[in-house]
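Here is how the chains run, residue by residue.
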Amino acid sequence: MAKEQGQKMVAQNKKARHDYHIEDTWEAGLVLMGTEVKSLRQGRASLVDGFAEIDNGEAWLLGVHIPEYSQGTWTNHSARRRRKLLLNRSEIDKIERKITDKGYTIVPLALYFKDGRAKVEIALAKGKKSYDKRHTLAERTANREKVEAVQRRLKGHRD
């Protein structure tokens with residue numbers, strides 16, 4: 001069987017970038033069961049309620065929904081089980097030090113296959129206030145309007 005190359009996106013958590021200030025990101029491997037991998041290869045996963053925690057020097061991913069594999073038998077996994085993250089000791093220690101600060105959490109941003117191996121992009125994040133969300137949305141709208149105005153100008157249209 002040929003070895004997979006490149007990156008195949010399975011799921012993204014777009015709401016995390018809206019709800020949190022992203023401080024730092026890491027790529028972590030996942031310890032998965034066979035039926036979880038097959039379910040992910042079908043493109044079925046949800047990161048919406050997911051978060052990570054450090055417990056006894058190990059990183060764990062919780063709340064991520066990977067539905068049961070349709071052809072799975074009694075060996076099928078539970079959809080929201082706790083999954084171990086594979087990180088270097090130095091990365092885990094760094095994350096643990098930063099989490100002790102008030103208001104920080106670890107959220108998954110993306111779940112994907114990289115060269116045939118399941119990976120998750122996790123981020124150290126701090127919750128946004130509602131006025132921060134409105135400010136970000138207003139900035140994005142203003143930038144979009146600015147780009148559209150420049151494009152109209154280049155095409156020769158008058159405002």
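Each remark here, short or long, concerns the structure printed above.
Note that this is a predicted model, so its numbers are computed, not measured. Residue numbers here run from 1 along each chain, matching the order of that chain's written sequence. Where totals are concerned, whole chains, interfaces and linings use all residues; where local detail is concerned, this predicted model gives features only for residues with pLDDT of at least 70, and gives and counts side-chain atom pairs only at 80 or more. Heavy atoms from the whole structure form the basis of all side-chain values; hydrogens and water molecules are not counted.

**Topic: the packing of aromatic side chains**
For clarity, the cut-off: We call Phe, Tyr and Trp rings a pair once their centres come within 6.5 Å, taking the six-membered ring for Trp, and we label the pair stacked below 30 degrees between planes, edge-to-face above 60, and tilted otherwise. Only lysine NZ and arginine CZ atoms are considered, and such an atom sits over a ring when it is within 6 Å of the ring centre and within 35 degrees of the ring normal.
Under the counting rule described, the total for this entry stands at zero aromatic pairs. If you follow Arg41 out to its NZ or CZ, it ends over the ring of Phe113, 4.3 Å from the centre. Here the basic side chain of Arg82 rests over the ring of Trp60, its NZ or CZ set 4.3 Å away from the ring centre.

**Focus on the nonpolar core**
The tendency in soluble globular proteins is for nonpolar side chains to be buried as a group. What counts, and what does not: The definition of a nonpolar core used throughout is a set of buried Ala, Val, Leu, Ile, Met, Phe, Trp, Tyr and Cys residues joined through side-chain atoms within 4.5 Å. Think of it in three bands: with a 1.4 Å probe and only protein chains considered, a residue is buried below 20% of the maximum accessible area for its type, exposed above 50%, and partly exposed in between. Numbering goes from the N terminus for both helices and strands, where a helix is a DSSP run of H or I of at least four residues and a strand is a run of E of at least two. Note on definitions: a residue-residue contact is assigned when non-hydrogen atoms from the two residues lie within 4.5 Å.
Counting residues in hydrophobic clusters, the biggest one holds 25 residues, and the most contacted among them are Leu85, Leu87, Val120 and Ile122. When residues in this core are grouped by element, the largest group, four residues, is from strand E7 (residues 117–127). Among all residues touching Val120, those that are not within four sequence positions of it are Trp26, Glu27, Ala28, Leu30, Leu61, Leu85, Pro108, Ala110 and Leu111. Judged by nonpolar contacts, the second largest core, of five residues, contains Val107, Leu109, Ala123 and Ala125.

**Some points on the pattern of salt bridges**
What counts here: Salt-bridge detection follows one rule: a side-chain nitrogen of Lys or Arg within 4 Å of a carboxyl oxygen of Asp or Glu.
By the definition in use, this model includes six salt bridges. A salt bridge links Arg82 to Glu53; its shortest N-O distance comes to 4.0 Å. Note that Arg82 is positioned in the loop between strand E4 (58–62) and strand E5 (83–86) and Glu53 in strand E3 (residues 51–55), a separation of 29 residues in sequence. On the basis of relative accessible area, Arg82 is assigned to the partly exposed category, the value being 34%. Judged by relative accessible area, which is 29%, Glu53 ranks as partly exposed. Between Asp93 and Arg89 there is a salt bridge; the shortest N-O distance is 3.8 Å. Placement of the pair is Asp93 and Arg89 together in helix H3 (residues 89–99), with a separation of four residues, close to one helical turn. Asp93 sits in the partly exposed class, given a relative accessible area of 28%. Three or more residues joined by partner-sharing salt bridges are found here, namely Glu53, Asp55 and Arg82.

**Let's talk about the pairing of strand E6 (residues 104–114)**
Rules: At least two bridges found by DSSP between two strands are what make those strands a pair.
Burial runs high along E6: eight of the 11 residues are buried. Across five bridges, the pairing between strand E1 (residues 7–12) and E6 is antiparallel. When the bridges of E6 are listed, Gln12 appears paired with Ala110. Of the strand pairs in this sheet, E6 and E7 are connected by 10 bridges, and their pairing is antiparallel. Bridging across to E7, Phe113 finds its partner in Ala118. Counting the residues between successive antiparallel strands, the hairpin from E6 to E7 contains two residues, one of them, Asp115, with a positive phi of roughly 50 degrees.

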